[in-house]
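An overview of the molecular structure
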Amino acid sequence: MFDTGPESRKAVMAHRLIRQRRCLAGLSLAFSATLLAGCSTPTRLSDSHVTSVPRSPAVDVAGLVCEPVAAFGPVAAPAIQGLSATVSYALTAALSQASPPIRTMPMPDMLNRLTDQGLAGEYVDLLSSAARGGGILERERLGRIGAALGSRYVLQPGLAEFNQTVLDKFEFSGLKIVRTRVLALRLWLQLWGTQTGHLLWESTGEVTVAEPVLRPESTVSLAAIAQKLWSLMIEDGLLGTKAGTPRCP
């Protein structure tokens, strides 16, 4: 006959309690892993900052939003020059969606028009000198290019910095629980008068985005982030002090 005394019963109950605790711990770990793997919408954290100088009183807001404005290619360091096209298209989209929208000539049309008028070399030299001279556009070349394009105003964008890193956090026994991609982008934008060669407005902006990496192939859209930053600079800086929306013919 088995011993069913008080001491034996206590030992059995203690053994069962240990097994129950282990089972609950395993379920908790499995549930947490399921939540991490099944989350399809990552939490994105972003922080942006924009600084703009006051727009010059010489700017004709009606002319700015009713007449075509030339948007040059971005000035960038050689290491990130390959991102210029993406940043340029993002600027065009931000300008078209501004309130009121600012009309710009598509980059291929602008370059073709300058080529047809023998000014392609002047355009390249103008941007090269701007890159060397801290974003300053040479007056004579700017005037000739503005006249050829029929634009009183020119927007000169700049790509100052872009970098991204992947950080590993919350490691447990060699298991990486969370990987975070951190992206940093800095842009600047200037408005120039082609007839006077004067700098009429300038703004700088920076944004940092942190996003969990749930899949190895996941990426962060540079175009979408750049467009949002351009929009902040345009809406709050260039158009932020407008008195009403001008009526265009």
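Residues numbered from 1 in each chain as written. Predicted model: local features only at pLDDT ≥ 70, side-chain atom pairs only at ≥ 80, totals over all residues. Heavy atoms only, no water.

**Quick look at the overall build of the protein chain**
A tally of regular secondary structure across the protein chain gives 7 helices and 6 strands. Taken from the N to the C terminus, the helices and strands of the protein chain come in the order α-β-α-β-β-α-α-α-α-β-β-β-α. Classification of the 249 residues of the protein chain by burial places 36% in the buried group. Accessible surface for the protein chain amounts to roughly 14,800 Å². Of this, 58% is attributable to carbon and sulfur atoms. (Helix = DSSP H or I, 4+ residues; strand = E, 2+ residues; numbered from the N terminus. Buried < 20%, exposed > 50% of the residue type's maximum accessible area, 1.4 Å probe, protein only. Areas by Shrake-Rupley, 256 points an atom, 1.4 Å probe, with all protein chains shown as cover.)

**Considerations on the packing of aromatic side chains**
Counted under the stated rule, the structure contains 1 aromatic pair. With a centroid separation of 5.3 Å and 80 degrees between ring planes, the pair formed by Phe 72 and Tyr 123 is classed as edge-to-face. Taken as a pair, Phe 72 in the loop between strand E2 (70–71) and strand E3 (75–76) and Tyr 123 in helix H5 (residues 120–132) lie far apart in primary sequence, 51 residues in all. Per residue, the accessibility class of Phe 72 equals that of Tyr 123, and both read buried. (Phe/Tyr/Trp six-rings, centres within 6.5 Å; stacked < 30°, edge-to-face > 60°.)

**So, the layout of surface pockets**
Taken as a whole, the second largest pocket holds about 150 Å³ of empty space. What lines the second largest pocket is Ser 56, Ala 58, Arg 152, Tyr 153, Gly 193, Thr 194, Gln 195, Thr 196, His 198 and Leu 200. (1 Å grid on protein atoms, 1.4 Å probe; cavity = no way out; pocket = protein on both sides within 12 Å on 5 of 7 lines; lining within 4 Å. Points joined across faces, edges and corners; volume = space filled by probe spheres on them.)

**Side note on the confidence of the model for the protein chain**
Mean pLDDT over the protein chain: 80, with 74% of residues reaching 70 or higher. Scored below 50 in pLDDT, residues 8–42 shows 8 contacts in the model against residues more than four places distant or in partner chains. (pLDDT = per-residue confidence, 0-100. Contact = heavy atoms within 4.5 Å.)

**Overview of helix H7 (residues 222–238)**
Compared with an ideal rise of 1.5 Å per residue, which puts 17 residues at 24 Å, H7 spans 22 Å between its outermost C-alpha atoms and is within 8% of the ideal. Here H7 has its buried residues at Leu 222, Ile 225, Ala 226, Leu 229, Trp 230, Met 233, Ile 234, Gly 237 and Leu 238. All buried residues of H7 lie within an arc of 165 degrees about the axis, which places them on one face of the element. In H7, the exposed positions that point more than 90 degrees away from the buried face belong to Lys 228 and Asp 236. (Expected span 1.5 Å × (residues − 1). Arc of directions from axis to C-beta.)

**As for the pattern of salt bridges**
Counted by the stated rule, this structure contains 7 salt bridges. Measuring nitrogen to oxygen at the nearest pair gives 3.3 Å for the salt bridge that ties Glu 122 to Arg 141. Taken together, the residues span a long stretch of sequence, with Glu 122 in helix H5 and Arg 141 in helix H6 (residues 139–149) at a distance of 19 residues. The class of Arg 141 is partly exposed, set by a relative accessible area of 25%. The residue Arg 141 makes a salt bridge to Glu 138 at a minimum N-O spacing of 4.0 Å. (Salt bridge = Lys/Arg side-chain N within 4 Å of Asp/Glu carboxyl O.)

**Let's talk about the side chain of Ser 84**
Topologically, Ser 84 is positioned in helix H3 (residues 84–96). Residue Ser 84 is classed as buried on the basis of its relative accessible area of 7%. In this structure, Ser 84 is in contact with Pro 74 and Ala 76, ignoring residues within four places of it in sequence.

**Observations concerning the nonpolar core**
Among the nonpolar cores identified, the biggest contains 37 residues, and Leu 64, Ile 102, Leu 185, Leu 187, Leu 191, Trp 230 and Ile 234 are the most heavily contacted of them. At the level of elements, helix H2 (61–66), H3, strand E4 (153–172), strand E5 (175–193), strand E6 (199–212) and H7 are the ones that each hand at least two residues to this core. Take this core: its biggest share by element is 8 residues, from H7. In this structure, Leu 64 is in contact with Val 59, Val 69, Ile 102, Tyr 153, Leu 191, Leu 238 and Leu 239, ignoring residues within four places of it in sequence. Counting 20 residues, the second-largest nonpolar core is a separate cluster that includes Leu 114, Leu 119, Ala 130 and Trp 192. (Core = buried A, V, L, I, M, F, W, Y, C linked by side-chain atoms within 4.5 Å.)

**Quick word on H6**
Of the residues making up H6, those classed as buried are Leu 142, Ile 145, Gly 146, Ala 148 and Leu 149. Buried residues of H6, seen end-on, are gathered within an arc of 160 degrees and therefore sit on one face of the element. Exposed side of H6, more than 90 degrees from the buried face: Arg 139 and Ala 147 are the residues found there.

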